[in-house]
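Examination of the molecular architecture
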Amino acid sequence: MREDKIFNNTEIAFELKSDSQLERAHFLFKMISIEPLVRIGTAVTNFALKAHLPVEGLIRSTVFDHFCGGVNEDDCLDIIDKMYTKGVSSVLDFSVEGKETETSFDDAMEKILKIINFSAEKDAMPIVVFKPTGFGRFYLYQKKGEGKPFTNAESEEWNRVVARFDAVCKLAKERDVEVLIDAEESWMQDAADELVTQMMQQYNTEKPIVYNTLQMYRHDRLDFLKSQHALAKQSGFYLGYKVVRGAYMEKENDRAREKGYDTPICESKKATDDNFNAAIRYMLDHLDDMSLFAGTHNEESTYLVMDLMKQKEVAIKDNRVWFGQLFGMSDNISFNLAHLGYNVAKYVPFGPVKDVMPYLIRRAEENTSVAGQTGRELMLIKKEKERRKQVASS
Ligand SMILES: Cc1cc2nc3c(=O)[nH]c(=O)nc-3n(C[C@H](O)[C@H](O)[C@H](O)COP(=O)(O)OP(=O)(O)OC[C@H]3O[C@@H](n4cnc5c(N)ncnc54)[C@H](O)[C@@H]3O)c2cc1C
């Protein structure tokens, strides 16, 4: 039987939030539910940061503090420890984007290596994550994916990208820490996929350590999963996949329209949902060969994973199935799942305020009234405020 309505328990969902934090979340979600405000706010903020206007304080006390753990790893520790008291693990996410120098790529790799060593000693952090474009230039992935020949300098640069992936995956295996690799825009993703498959082949020989990401808003991803499964069986390695819907839909559709090719995105939200759920089913049908990290804020998809686990008699704590949400979103799913004993981890983004802006903008955009997440967050926050008021007055 489905454990209906468990995600509506706001007492469990917001147990870690003080009244003032709840009030701030209420204000924030109300603001970002207004689409024109997000659009104008984004443009003004980007301009202000470029012009070095003193807006960092304002960003910090609003969106940043809600969606990020801090500007560095140490800032996040308090949050990580607190969430773990409720059974929710953390995936520290160095969310700096758009930096394209060799130094920044090396720094990002060093940071991830440090986080792996730290995670190996800390139960609250069983998994780490990085973005392909954190380790190499977007253009290089794109050129490689398009099969265009590299110059000598580019070949050397690419070898350094491969070496960064390898250093991280190798240490992850040595320290027995799982590593998720995010997926980005489709026109750079082919090269990233090839590289991650190479890493899986090398390091997932005993169990899944390296996880790629499947963006199920892409209509080709189920076939991709099946072909990777065939390869993994043939070559004798395990697959690990974070399954998400995908965060770059508008950018994908705009580019396809501009350049005149068919969009890689499913034709409707329903088609994406069906595709997502099909991938979940496929993976849970083949759990002996692969592990699943379901990265979603969608309640129906989460229920589906729970139902299928039950049907297939997969233990709630089976390490091959994880649920993931982003910090600052869908606490009702994370904390209620953890309360029941499921494996749950929240991405906890960190980095200097101006460098995490692209991440924050994506979060604001997906929380507008158009995308539709906010209604639920607001409803739950209001419900919890009301519940606390009643408890206080009784
Ligand atoms: C732990 C975690 C890790 C993540 N990692 C990544 C990552 O590596 N790469 C990445 O791209 N994203 C990543 N995301 C973001 C994710 O892809 C989604 O943007 C976000 O989670 C919203 O999708 P949802 O499953 O929560 O549910 P929902 O809110 O039900 O779905 C919204 C999503 O559906 C899709 N969609 C909406 N309208 C349409 C339409 N008209 N046609 C087709 N599809 C539509 C879009 O993908 C949209 O984001 C991650 C999310 C989480 C929670």
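Before going into details, it helps to say that this report is about the structure given with it. Note that residues are indexed from 1 along each chain, following the sequence as it is written. Restriction of local features to residues with pLDDT of at least 70 applies here, the model being predicted, together with a cutoff of 80 or more for giving and counting side-chain atom pairs; totals for whole chains, interfaces and linings are based on all residues. Side-chain figures throughout are based on the complete set of non-hydrogen atoms in the structure, without hydrogens or water.

Describing the overall build of the chain
Tallying secondary structure elements over the chain gives 16 helices and eight strands in all. In this treatment the radius of gyration is a C-alpha quantity, and the globule benchmark scales as 2.2 Å times the residue count to the 0.38 power. Its C-alpha atoms give the chain a radius of gyration of 21 Å, within 12% of the compact-globule value 21 Å for 394 residues. Considering only C-alpha atoms, the chain reaches an extent of 70 × 55 × 45 Å along its principal axes. Looking at the chain as a whole, 55% of its 394 residues qualify as buried. What sets the accessible areas is the Shrake-Rupley method with a 1.4 Å probe; for residues, cover comes only from the shown protein chains. Carbon and sulfur atoms form 53% of the exposed surface of the chain, whose accessible area is close to 17700 Å². Charge counting treats Lys and Arg as positive and Asp and Glu as negative, with His and both chain ends excluded. The atom standing in for a charge is NZ when the residue is Lys, CZ when it is Arg, CG when it is Asp and CD when it is Glu. Of the charged side chains in the chain, 53 are positive and 63 negative, and the gap between their average positions amounts to 3 Å. Helix and strand assignments follow DSSP, with helices taken as H or I runs no shorter than four residues and strands as E runs no shorter than two, numbered in order from the N terminus. Think of it in three bands: residues with accessible area under 20% of the maximum for their type are buried, residues over 50% are exposed, and the middle band is partly exposed, with areas taken using a 1.4 Å probe on protein chains only.

Here we look at the site of the ligand
By convention in this text, a residue qualifies as near a molecule or strand provided that one of its non-hydrogen atoms is within 4 Å of it. Taken together, 28 residues sit near the ligand, with R245, G246, T272, T296 and H297 positioned nearest. At 2.7 Å from an oxygen atom of the ligand is found a side-chain nitrogen or oxygen belonging to K242. Here an oxygen atom of the ligand sits 2.7 Å away from a polar atom, N or O, in the main chain of H297. Surface burial for the ligand is 86%, taken as the share of its 940 Å² of free accessible area covered by protein chains. Tallying contributions element by element places strand β7 (residues 321–326) first for the shell around the ligand, with three residues. Polar contacts, as used here, are pairs of N or O atoms within 3.5 Å; protein pairs need one atom able to donate a hydrogen and one able to accept it. Residues neighboring in sequence count only if both atoms are side-chain atoms.

Notes on the packing of aromatic side chains
For this analysis, a ring pair means two rings from Phe, Tyr or Trp (six-membered ring only for Trp) whose centres lie within 6.5 Å, classed as stacked if their planes differ by under 30 degrees, edge-to-face if by over 60, and tilted for the remaining angles. Tallied over the full model, the rule gives 10 aromatic pairs. An aromatic cluster is defined as three or more aromatic residues linked by ring pairs; in this entry it consists of F130, F135 and F165. Sitting over a ring, as applied to charges here, requires NZ of Lys or CZ of Arg to be within 6 Å of the ring centre and within 35 degrees of the ring normal. In this structure, R221 is placed above the aromatic ring of F224, and the distance from its NZ or CZ to the ring centre is 4.2 Å. The ring of F276 has R245 lying over it, and the distance from NZ or CZ to the ring centre is 4.3 Å.

As for unusual backbone geometry
For E313, which is not a glycine, the phi torsion comes out positive at approximately 55°. Structurally, the position occupied by E313 is in the loop between α13 (299–311) and β7. At S330, a residue that is not glycine, the phi angle is positive and equals roughly 50°. One can find S330 in the loop between β7 and α14 (331–339).

Describing a nonpolar patch on the surface
A surface patch of nonpolar side chains, about 350 Å² in accessible area, is lined by F27, M31, I34 and L37. Mapped onto the elements of the fold, F27 is located in helix α2 (residues 19–32). Of the residues examined, F27 reaches a relative accessible area of 49% and is grouped as partly exposed. For patch detection, residues must exceed 30% relative accessible area and be free of salt bridges, and they are connected within 9 Å for like charges or within 5 Å for nonpolar side chains (Val, Leu, Ile, Met, Phe, Trp, Tyr). Any Lys or Arg side-chain nitrogen located within 4 Å of an Asp or Glu carboxyl oxygen qualifies as a salt bridge.

Remarks on the side chain of D193
Along the chain, D193 falls in helix α9 (residues 186–203). Two residues form a contact once any of their heavy atoms are found within 4.5 Å. Among all residues touching D193, those that are not within four sequence positions of it are N212, R221 and F224.

Remarks on helix α7 (residues 138–145)
Residues F138, L140, Y141, Q142 and K143 constitute the buried set of α7. The elements touched by buried residues of α7 are α8 (152–175), α9 and α11 (249–259). G147 sits one or two positions beyond α7 and adopts a positive phi of about 75°.

What about the nonpolar core?
The biggest cluster of nonpolar side chains holds 83 residues, and the ones touching the most others in it are F165 and V210. The element that contributes the greatest number of residues to this core is α9, accounting for nine residues. Definition used in this section: a nonpolar core is a set of buried Ala, Val, Leu, Ile, Met, Phe, Trp, Tyr and Cys residues joined via side-chain atoms within 4.5 Å. Formed by 37 residues, the second largest nonpolar core is a distinct cluster that contains V129, Y211, V353 and L360.

Some points on the pairing of strand β3 (residues 178–181)
Across a regular strand the side chains alternate sides, sitting on one face of the sheet and then on the other. Side-chain alternation along β3 places E178 and L180 on one buried face and V179 and I181 on a second face that is also buried. Two strands form a pair only when DSSP identifies at least two bridges running between them. The sheet contact formed by strand β2 (residues 127–130) and β3 spans four bridges and is parallel. Residue pairing for β3: I127 is matched across the bridge by E178. The pairing of β3 with strand β4 (residues 210–215) spans two bridges and is parallel. Paired with L180 across the two strands is Y211, which belongs to β4. A clockwise path from the first strand over the helix to the second, with the strands pointing away from the viewer, defines a right-handed crossover. For the handedness criterion, the β-α-β arrangement of β3, α9 and β4 is classed as right-handed.

What about the sheet that holds β2?
Pairing in this open sheet of eight strands is parallel, and the strands run β1-β8-β7-β6-β5-β4-β3-β2 from one edge to the other. The sheet terminates laterally at β1 (89–94) and β2, the two strands that pair on one side only. Taking the axes of each pair of neighbouring strands and ignoring which way they run, one obtains an average angle of 30° across the sheet. As paired strands, strand β6 (residues 290–295) and β7 are joined by four bridges and run parallel to one another. Paired with A294 across the strands is F323, a residue of β7. Here helix α5 (residues 73–85) sits on the sheet in contact with β1 and β8 (344–350), set at roughly 160° to β1. In this description, a line fitted to the C-alpha atoms serves as the axis of each element, helices being fitted only across the stretch in contact, and the angle between N-to-C directions of two axes falls anywhere from 0 to 180 degrees.

Some points on the packing of helix α4 (residues 56–67) against helix α15 (residues 357–366)
Axis separation between α4 and α15 bottoms out at 10 Å; the angle between their running directions is 75°. As summarised for this structure, α4 and α15 are arranged roughly perpendicular, according to the angle between their axes. Here I59, V63, F64 and F67 of α4 come into contact with α15, specifically with M357, Y359, L360 and R363. In the scheme used here, Gly and all other residues not listed as nonpolar or charged are polar, with Ala, Val, Leu, Ile, Met, Phe, Trp, Tyr, Cys and Pro taken as nonpolar and Asp, Glu, Lys and Arg as charged. Partitioned by chemical class, the residues of the contact of α4 with α15 number seven nonpolar, no polar and one charged. When describing relative orientation, an angle under 35 degrees is termed roughly parallel and one over 145 degrees roughly antiparallel, while 65 to 115 degrees is termed roughly perpendicular and anything else oblique.

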